[in-house]
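# Understanding the architecture of this molecule
Listed here are the chains, written in short residue letters.
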Amino acid sequence: MLVIKDKVKFTRGIIIIITGFALFIGVLYFCASTVISLFSKEGEEILMNDIIENNNVTEQTEQISENISNYSIDEWNLKLVNKTYSVDKTYIPELEEISDEKMFDKRAISYLKNMLEDIRKENITNIWVQSAYRSYEKQEELFENKVNYYIEQGKNQEEAESLAQTIVQRPEMSEHNLGLAVDFNTVTNEFEKTKAFEWLQENAQNYGFILRYPKDKQDITGITYESWHWRYVGIEHAKIIKQKGYCLEEYIKYLQEAQEV
Ligand SMILES: [Zn+2]
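Before going into details, it helps to say that this report is about the structure given with it. As the structure is a prediction and not an experimental result, all values here were calculated from the model. (Residues numbered from 1 in each chain as written. Predicted model: local features only at pLDDT ≥ 70, side-chain atom pairs only at ≥ 80, totals over all residues. Heavy atoms only, no water.)

With that settled, consider the packing of helix 7 (residues 235-244) against helix 8 (residues 248-260). Where helix 7 contacts helix 8, the axes come no closer than 10 Å and their chain directions differ by 105°. One way to sum up the angle between helix 7 and helix 8 is to call them roughly perpendicular. Facing helix 7, whose interface residues are His237, Ile240, Ile241 and Lys244, helix 8 presents Leu248, Tyr251 and Tyr254. Taken together, the residues of the contact of helix 7 with helix 8 break down into 5 nonpolar, 1 polar and 1 charged. (Axes fitted to C-alpha atoms, helices over the stretch in contact; angles between N-to-C directions. Helix = DSSP H or I, 4+ residues; strand = E, 2+ residues; numbered from the N terminus. Parallel < 35°, antiparallel > 145°, perpendicular 65-115°, else oblique. Contact = heavy atoms within 4.5 Å. Nonpolar A, V, L, I, M, F, W, Y, C, P; charged D, E, K, R; others polar.)

A separate point is the sheet that holds strand 6 (residues 226-232). Overall, antiparallel pairing links the 4 strands, which are arranged 3-4-6-5 in an open sheet. Strand pairing shows two members of the sheet lacking a second neighbour, strand 3 (129-131) and strand 5 (209-213), which therefore form its edges. Along the sheet, successive strands turn relative to each other by an average axial angle of 50°, direction set aside. Its contacts with the sheet place helix 5 (residues 195-203) against strand 4 (181-184), strand 5 and strand 6, and it is angled at close to 40° to strand 6. (Pairing = 2+ DSSP bridges.)

Around the zinc ion, the protein contributes the donor atoms His176 (NE2), Asp183 (OD), Asp183 (OD) and His229 (ND1), which lie 2.1 to 2.7 Å from the metal centre. Viewed at the metal, the 4 donor atoms of the zinc ion are separated by angles of 53 to 152°, and the geometry they form is irregular. Site description for the zinc ion: donor spacing in sequence, H-x6-D-x45-H. Of the two residues, aspartate 183 sits in strand 4 while histidine 229 sits in strand 6, which places them 46 residues apart along the sequence. Side by side, aspartate 183 and histidine 229 carry an identical accessibility label, which is buried. (Donors = N, O, S within 2.8 Å, 3.2 Å for Na, K, Ca; no water. Tetrahedral: all angles 85-135°; square planar, octahedral: opposite > 155°, others 65-115°. Buried < 20%, exposed > 50% of the residue type's maximum accessible area, 1.4 Å probe, protein only.)

Where charged atoms from two side chains of opposite charge come close, those side chains can pair. This structure, assessed with the given rule, holds 13 salt bridges. Glutamate 141 is paired through a salt bridge with lysine 138; the nearest N and O atoms lie 3.8 Å apart. Highlighted residues: glutamate 141 and lysine 138, both in helix 3 (residues 136-152), separated by 3 residues, approximately one helical turn. Note that glutamate 175 is salt-bridged to arginine 231, the shortest N-O span being 2.6 Å. With glutamate 175 in the loop between helix 4 (157-165) and strand 4 and arginine 231 in strand 6, this residue pair connects regions lying 56 residues apart in the sequence. If you follow the salt bridges from partner to partner, you end up with Glu175, Arg212, Arg231 and Glu249 in one network. (Salt bridge = Lys/Arg side-chain N within 4 Å of Asp/Glu carboxyl O.)

It is worth spelling out the environment of leucine 255 at this point. Within the secondary structure layout, leucine 255 lies in helix 8. On a C-alpha basis, the gap between leucine 255 and isoleucine 73 in space is 7.1 Å, while along the polypeptide they are 182 residues apart. Residues within four places of leucine 255 in sequence aside, it is in contact with Ile68, Tyr71, Ile73 and Leu78.

Looking now at the environment of valine 233. For valine 233, the location among the structural elements is in the loop between strand 6 and helix 7. Taking C-alpha positions, valine 233 is 9.2 Å from glutamate 75, a pair spaced 158 residues apart along the chain. Apart from the residues lying within four places of it in its own chain, the contact partners of valine 233 are Asn77, Leu78, Gly208, Ile210, Ala238, Ile241 and Leu248.

What follows concerns the packing of helix 2 (residues 109-121) against helix 5. Helix 5 packs onto helix 2 with a crossing angle of 120° between their chain directions and a minimal axis gap of 11 Å. By the criterion of interaxial angle, the relationship of helix 2 to helix 5 is oblique. Helix-helix and strand crossings are classified by hand; for helix 2 and helix 5 the assignment is right-handed. Along its contact with helix 2, which presents Met115, Asp118 and Ile119, the element helix 5 presents Ala196, Trp199 and Leu200. In terms of residue class, the contact of helix 2 with helix 5 is built from 5 nonpolar, no polar and 1 charged. (Left-handed = near helix turned anticlockwise from the far one by under 90°.)

If you want it as structure tokens, here you go:
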């Protein structure tokens, strides 16, 4: 009798173990398949997002190259002024007042005003226009003052001029003569540390403005980094310049080359 009872116990034990094991395998399989399907869905989504993103980039690039063939480097807003290309002494744009007798090109002033309005809406109030349009005569005066300062320091005319040039542009070489450039706040690179600068870096292109003399383009622009100096070029151009990480010199070259093809 004892033997039979033991046999029954043993068989029951075996059945319980087998059932338990089967259940365990079943649960394991269920969990594993759920995890796998979750991952593969995520994977699909990531892949889809990649495809959509790539398509957007391709569309944008196609749009850009389509637009570029219509752009002319002679557009008033793309006027290039630097040590090679000077502003004609007689060039005086039609001007409108920003505030406090500071003037800007009439065709671009609404973009500047909108930009300043929107930046202030973000509670960034520590921004002001220090300098905008400057006439040829005004720029000449600023340059001469700087030269005289160095002459007083004991430099000769040539030395004084080349030193002055690193700080103040020669009259025919200043973008401020175009009425399309604006200097913010203290006209020093302290501006770089402000919230206003951060905002401009992110948004200025949406109003048609670019940082004209970036840190990493000094060898191309020929001008040392100026975080305070922003230039209007128009929204479409500014967006491409920003996207491609160009400075204005590079962008003009890019347009020229695209049109030569
Ligand atoms: Zn400036």
